[in-house]
Structures are given as structure tokens and as C-alpha cells.
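The residues making up each chain are set out below.
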Amino acid sequence: METSYTIPQFCDAYHFSRVHYYTLKQQGLTPKELRLGRRVVITKRAAEEWEDRMSAIQTTNPEA
């Protein structure tokens, strides 16, 4: 089991494009990123927190 994702791995895991990821990032809707030098990773915990946040947004605003 992986403990973190790169941005491309995260996008593959959640079935959307990197373009969509960066669109979400501009809106402040991406998971927290951990920067290790030039490398950016998203921990499993950050991904799970992001899932919870996105679910809450959809629950309060079903049209989103």
C-alpha cells in the first residue's frame, strides 16, 4: 500500500486530469501538498481529508 501520491498518481487514483487538478488548486480545492525539495507529494491522510471535504461540499451544495 502506498503512503503518498505524486500529483499524477493522485489524478490517476481519482480519475481526473492534471488540468482539472490545477483548476481545483486555483479554487483552493486540492488536498494539502507536502513539498520535499522539488518533489510534491500528497499523503494518504491528506487525500482522505480532501475526500471528506469534497463530500461535505457536495452534501451542502448538491449542484457542485
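Quick caveat, the model's predicted, so the values are computed rather than measured.

The rules we used
Residues numbered from 1 in each chain as written. Predicted model: local features only at pLDDT ≥ 70, side-chain atom pairs only at ≥ 80, totals over all residues. Heavy atoms only, no water. Helix = DSSP H or I, 4+ residues; strand = E, 2+ residues; numbered from the N terminus. Buried < 20%, exposed > 50% of the residue type's maximum accessible area, 1.4 Å probe, protein only. Areas by Shrake-Rupley, 256 points an atom, 1.4 Å probe, with all protein chains shown as cover. Lys, Arg positive; Asp, Glu negative; His and termini not counted. Charge placed at Lys NZ, Arg CZ, Asp CG, Glu CD. Expected span 1.5 Å × (residues − 1). Arc of directions from axis to C-beta. Pairing = 2+ DSSP bridges. Core = buried A, V, L, I, M, F, W, Y, C linked by side-chain atoms within 4.5 Å. Contact = heavy atoms within 4.5 Å.

(A) Main features of the overall build of the protein chain. For the protein chain, the count of helices and strands is three helices and three strands. Along the protein chain, helices and strands appear, N-terminal first, in the series β-α-α-β-β-α. Projected onto its principal axes, the C-alpha coordinates of the protein chain cover approximately 35 × 25 × 20 Å. By the burial criterion, 25% of the 64 residues in the protein chain qualify as buried. Here the protein chain has roughly 4,900 Å² of accessible surface; of this, 51% comes from carbon and sulfur atoms. Taking the 9 positively charged and 8 negatively charged side chains of the protein chain as two groups, their mean positions are separated by 10 Å.

(B) Fine view of helix α3 (residues 44–60). Over its 17 residues, α3 extends 24 Å from the first C-alpha to the last, a length consistent with the 24 Å expected when each residue adds 1.5 Å. Looking at α3, one finds that the buried residues are Ala 46, Ala 47, Trp 50 and Met 54. Along the axis of α3, the buried positions cluster into a sector of 95 degrees, meaning they face one direction only. Exposed and facing more than 90 degrees away from the buried side of α3 are Arg 45, Asp 52, Thr 59 and Thr 60.

(C) Summary view of the side chain of Thr 30. Along the chain, Thr 30 turns up in the loop between α2 (18–26) and β2 (34–36). Relative accessible area serves as the criterion here: at 12%, Thr 30 is assigned to the buried category.

(D) How the structure looks around the pairing of strand β3 (residues 39–43). Where strand β1 (residues 4–6) lies against β3, three bridges are found, and the strand directions are antiparallel. Paired with Thr 6 across the strands is Val 41, a residue of β3. Pairing of β2 with β3 involves three bridges; the strand directions are antiparallel. Along β3, the bridge assignment pairs Leu 36 with Arg 39. Here β2 folds back onto β3, and the loop between the two strands holds two residues, one of which, Gly 37, carries a positive phi near 65 degrees.

(E) Inspection of the nonpolar core at higher detail. Judged by nonpolar contacts, the single largest core of 13 residues is most densely connected at Ile 7, Phe 10, Phe 16, Tyr 21 and Ile 42. Taken together, the elements giving at least two residues each to this core come down to α1 (7–13), α2, β3 and α3. Among the elements that make up this core, the one with the highest residue count is α3 (four residues). Other than its neighbours up to four places away in sequence, Phe 16 contacts Phe 10, Cys 11, Tyr 21, Leu 24 and Trp 50.

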